[in-house]
Amino acid sequence: MTTDRTPYLELLRELTHGNPDTYRERCQQLDAAGWQELGLVLGAGFFLAARERLGNRTTKGEVIRLVAEIRSTFASTKVDLDPELAEKMLISALTGETGEVEDAEQSALLETELVVLWHLLGDASEDKLDRFLVEVDQLAEEWSEED
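Residues numbered from 1 in each chain as written. Predicted model: local features only at pLDDT ≥ 70, side-chain atom pairs only at ≥ 80, totals over all residues. Heavy atoms only, no water.

As a packed pair, helix α4 (residues 60-73) and helix α5 (residues 83-95) sit with axes 10 Å apart at the nearest point and diverge in direction by 130 degrees. On the basis of the axis angle, α4 is oblique to α5. Here the hand of the crossing between α4 and α5 comes out right-handed. Contacts between α4 and α5 involve Lys60, Val63, Ile64, Leu66, Val67 and Arg71 from the first element and Pro83, Ala86, Glu87, Leu90, Ile91 and Leu94 from the second. (Axes fitted to C-alpha atoms, helices over the stretch in contact; angles between N-to-C directions. Helix = DSSP H or I, 4+ residues; strand = E, 2+ residues; numbered from the N terminus. Parallel < 35°, antiparallel > 145°, perpendicular 65-115°, else oblique. Left-handed = near helix turned anticlockwise from the far one by under 90°. Contact = heavy atoms within 4.5 Å.)

This next bit is on the side chain of His119. Relative to the helices and strands, His119 is located in helix α6 (residues 106-121). For His119, a relative accessible area of 16% translates into the label buried. For His119, the residues in contact, after removing those within four places along its chain, are Arg53, Leu66, Glu69, Ile70 and Thr73. (Buried < 20%, exposed > 50% of the residue type's maximum accessible area, 1.4 Å probe, protein only.)

Of all hydrophobic cores here, the largest spans 42 residues; its most connected members are Leu12, Ile70, Leu90, Leu117, Phe132 and Val136. Those elements that place two or more of their residues in this core are α1 (6-17), α2 (20-33), α3 (38-54), α4, α5, α6 and α7 (126-146). Per-element accounting of this core gives the leading share, nine residues, to α3. (Core = buried A, V, L, I, M, F, W, Y, C linked by side-chain atoms within 4.5 Å.)

Checked against the element boundaries, Glu113 lands in helix α6. Among residues more than four places away in sequence, those in contact with Glu113 are Leu42, Gly43, Phe46 and Met89.

Think of a pair of aromatic rings as described by two things: how far the centres are apart, and how the planes are tilted against each other in angle. For the coordinates displayed, the defined rule picks out two aromatic pairs. Ring plane angle 70 degrees and centroid distance 5.6 Å describe the contact between Phe47 and Trp143, whose orientation is recorded as edge-to-face. Of this pair, Phe47 sits in helix α3 while Trp143 sits in helix α7; the two residues are 96 residues apart in sequence, bridging distant segments of the chain. Since its relative accessible area comes to 21%, Phe47 is described here as partly exposed. Residue classification places Trp143 among the partly exposed positions, given a relative accessible area of 26%. (Phe/Tyr/Trp six-rings, centres within 6.5 Å; stacked < 30°, edge-to-face > 60°.)

Okay, here's the thing in structure tokens:
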């Protein structure tokens, strides 16, 4: 059974390419409708974006440098990305080993995914983002069928 994940996919679009007002409006719509699929969509997006950016032959040093780059982007804001969690999540996306992140709080995982995705997708063209969101939806559907 296919689930319509359009609101969550569009939230990713607004996060990376939209304006803050539209993003907040979409969040309010999801507050009313429910956030049931958000974790699945963010997880799929994070997984795909991490693998696209880092590839499968990435060293821990490259992961550390990427997290430092992301943190520097937010240095003058109130966003405080937990570097250890971000590194563990990126390594998990690359290796498929989830043991290091299984005990993390759901809210910390979601926040980390959002911040990292914003950084990784921020310079993607609209066409590339469109293709990426189709892939995210397909992967989310595959993952949901596995449960």
